[in-house]
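Examination of the molecular architecture
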Amino acid sequence: MKTKIYIITLVMMLILSCGQTNEKKKKILDKKQPVVKTFEQREKERLERRAEIEKEEKTDSIRLDKVLSDALKIASLETKQKKFQKKYNVRPDNEYDVQVEINIDDYFIKNNPQLIIRRFEPNNVHIDIYSKDGNKFKKVLSHKQWALTYVNDTIRDINGDDLKDFVVKWYGATGCCLKGFSNVYLLRNDKKTFSKSFEFINPTFSPREKIIRGVTYGHPGHTEMYKYKWNGETVDTLEYVYYETIEDEKKTGKIIISKKIAYSKNKKDIKKLNSIPSEYKKIEGFDWFTGNFP
């Protein structure tokens, strides 16, 4: 009798054990199964994320607009001053610090003070330039640069018209190769307003010649040089310079001068030289072009 009871108990334990094991296996399998979202679900999540980003950007924009407005109020009290400078930090809505620089001086035209307001916040650098209009300042230029890439900004004649222009220098944050950029705003003949932004990579400016020479993006010894010329508020491409290569990018020793970008299929208007023209040998990045570093 005891043996019979023992056998029945053993069988029931095995059944229960199998049931629990199967249940555990099912749970494990369920965990391993990836959750497949429908296109509608993915799109809904994407739009929700985008809406959150836009909301945050809008909030930041409102904060920074307030910072600029307050800086402009300070500058407006100094319209009779030929020179004025003020630096301070502010924390809008207690979110993050913004460094503000207010500068009034004859930066571009003598006896006609201009106002430059710079705002440095964690993500970006904002530069706004104002021209004096009576007892007020009128905005004539606005530039936004990612803080991680910003190098500096300068005021100098870039295109050889004897008018000082505004240049923002920055360095690319991603990529393997030489990537120094300049954004150029030309001061127009009215001596108040500026042109659109012209962007150049690794440029060397020659205002006397009205020429821009530079090195394009690429690995050392395997990139090209360019030569542009100012034509009013446009830029004409004069030529590209690069090494002639054959199979496996082996250099032949010849230099190609072309009006087309390097390695294009159109081989018209091409000249071959035995050496690099001397006009390029003093530009910034020339060592990068040759691949021969000191």
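Residues numbered from 1 in each chain as written. Predicted model: local features only at pLDDT ≥ 70, side-chain atom pairs only at ≥ 80, totals over all residues. Heavy atoms only, no water.

1. Side note on the overall build of the chain
Put simply, the rule is: In this description a helix means any DSSP run of H or I spanning at least four residues, a strand means any run of E spanning at least two, and both kinds are numbered starting from the N terminus. For each residue, the accessible area found with a 1.4 Å probe, counting protein chains only, is set against the maximum for its type, and the residue is called buried under 20%, exposed over 50%, and partly exposed in between. Only heavy atoms enter the contact rule, under which two residues are in contact if any of them lie within 4.5 Å. In these tables, accessible area is a Shrake-Rupley quantity obtained with a 1.4 Å probe, and a residue counts as shielded only by the protein chains included in the view.
Secondary structure assignment for the chain yields three helices and 15 strands. Relative to its full complement of 294 residues, the chain shows a buried share of 37%. In the chain, the proportion of contacts linking residues at least 24 apart, taken out of those at least 6 apart, comes to 35%. With the model as given, the accessible surface of the chain reaches about 19,500 Å², and the carbon-plus-sulfur share is 52%.

2. Side note on the pattern of salt bridges
We count it as follows: When a carboxyl oxygen of Asp or Glu lies within 4 Å of a side-chain nitrogen of Lys or Arg, that pair is called a salt bridge.
Scanning the entire structure with this criterion turns up 13 salt bridges. Measuring nitrogen to oxygen at the nearest pair gives 3.8 Å for the salt bridge that ties E95 to R63. Of the two residues, E95 is situated in the loop between β1 (84-90) and β2 (98-105) and R63 in helix α2 (residues 39-76); the sequence distance between them amounts to 32 residues. In this structure R63 comes out as buried when scored by relative accessible area, which is 12%. Its salt-bridge partner being D97, residue R91 comes within 3.0 Å of it at the nearest N-O pair. With relative accessibility at 40%, the residue D97 sits in the partly exposed group. In the salt-bridge network here, residues are joined through shared partners; they are E209, R213, K227, E239 and E279.

3. Concerning unusual backbone geometry
The backbone of N111 sits at a positive phi, close to 60°, despite the residue not being glycine. Looking at the secondary structure, you find N111 in the loop between β2 and β3 (114-120). On the accessibility criterion, N111 (71% relative accessible area) is exposed. With a phi angle near 60°, K191 is a residue other than glycine that sits in the positive phi range.

4. Here's the deal with the side chain of N124
For N124, the position within the fold is in strand β4 (residues 124-133). Residue contacts for N124: discarding those within four places in its chain leaves R119, K144, Q145, W146 and A147.

5. Observations concerning the sheet that holds strand β9 (residues 194-201)
Let me state the cut-off plainly: The criterion for strand pairing is that DSSP finds at least two bridges linking the strands in question. In this description, a line fitted to the C-alpha atoms serves as the axis of each element, helices being fitted only across the stretch in contact, and the angle between N-to-C directions of two axes falls anywhere from 0 to 180 degrees.
Reading across from one edge, β6-β7-β8-β9 is the order of the four strands in this open sheet, with antiparallel pairing throughout. Single-partner strands in this sheet number two, and they are β6 (150-156) and β9. Pairwise comparison of adjacent strand axes, ignoring direction, gives a mean angle of 20° for this sheet. As defined by bridge partners, strand β8 (residues 180-187) adjoins β9 across six bridges and the pair is classed as antiparallel. Following the sheet pairing, F181 is matched in β9 by I201.

6. Quick look at the sheet that holds β1
Ordered in space as β1-β2-β3-β4-β5, the five strands form an open sheet in which the pairing is antiparallel. Sheet topology places β1 and β5 (136-146) at the edges, where each strand pairs with a single neighbour. Strand-to-strand, the axes of this sheet are offset by a mean angle of 15°, without reference to chain direction. Here seven bridges tie β3 to β4, and the two strands are oriented antiparallel to one another. Paired with Q114 across the strands is S131, a residue of β4.

7. A closer look at the pairing of β3
Counting buried positions over the seven residues of β3 gives six, a clear majority of the element. Where β2 meets β3, seven bridges bridge the pair, whose relative direction is antiparallel. Paired with I102 across the two strands is I117, which belongs to β3. Linkage of β3 to β4, two consecutive antiparallel strands, is achieved through a turn of three residues.

8. Description of the packing of aromatic side chains
Short version of the rule: For Phe, Tyr and Trp, rings pair up if their centres lie within 6.5 Å, where Trp contributes its six-membered ring, and each pair is then called stacked (planes under 30 degrees apart), edge-to-face (over 60) or tilted (otherwise). Criterion for a charge above a ring: Lys NZ or Arg CZ within 6 Å of the ring centre, and within 35 degrees of the ring normal.
Enumeration according to the criterion identifies twelve aromatic pairs in this entry. Measuring from centroid to centroid gives 5.7 Å for F200 and F205, while their planes differ by 80°, and the two rings are edge-to-face. By the burial criterion, F200 is buried, and F205 matches it. Here the aromatic residues F198, F200, F205, Y226, Y228 and W230 are joined through ring pairs into a cluster of three or more. K251 extends its terminal NZ or CZ atom over the ring of Y243, reaching a point 4.0 Å from the ring centre.

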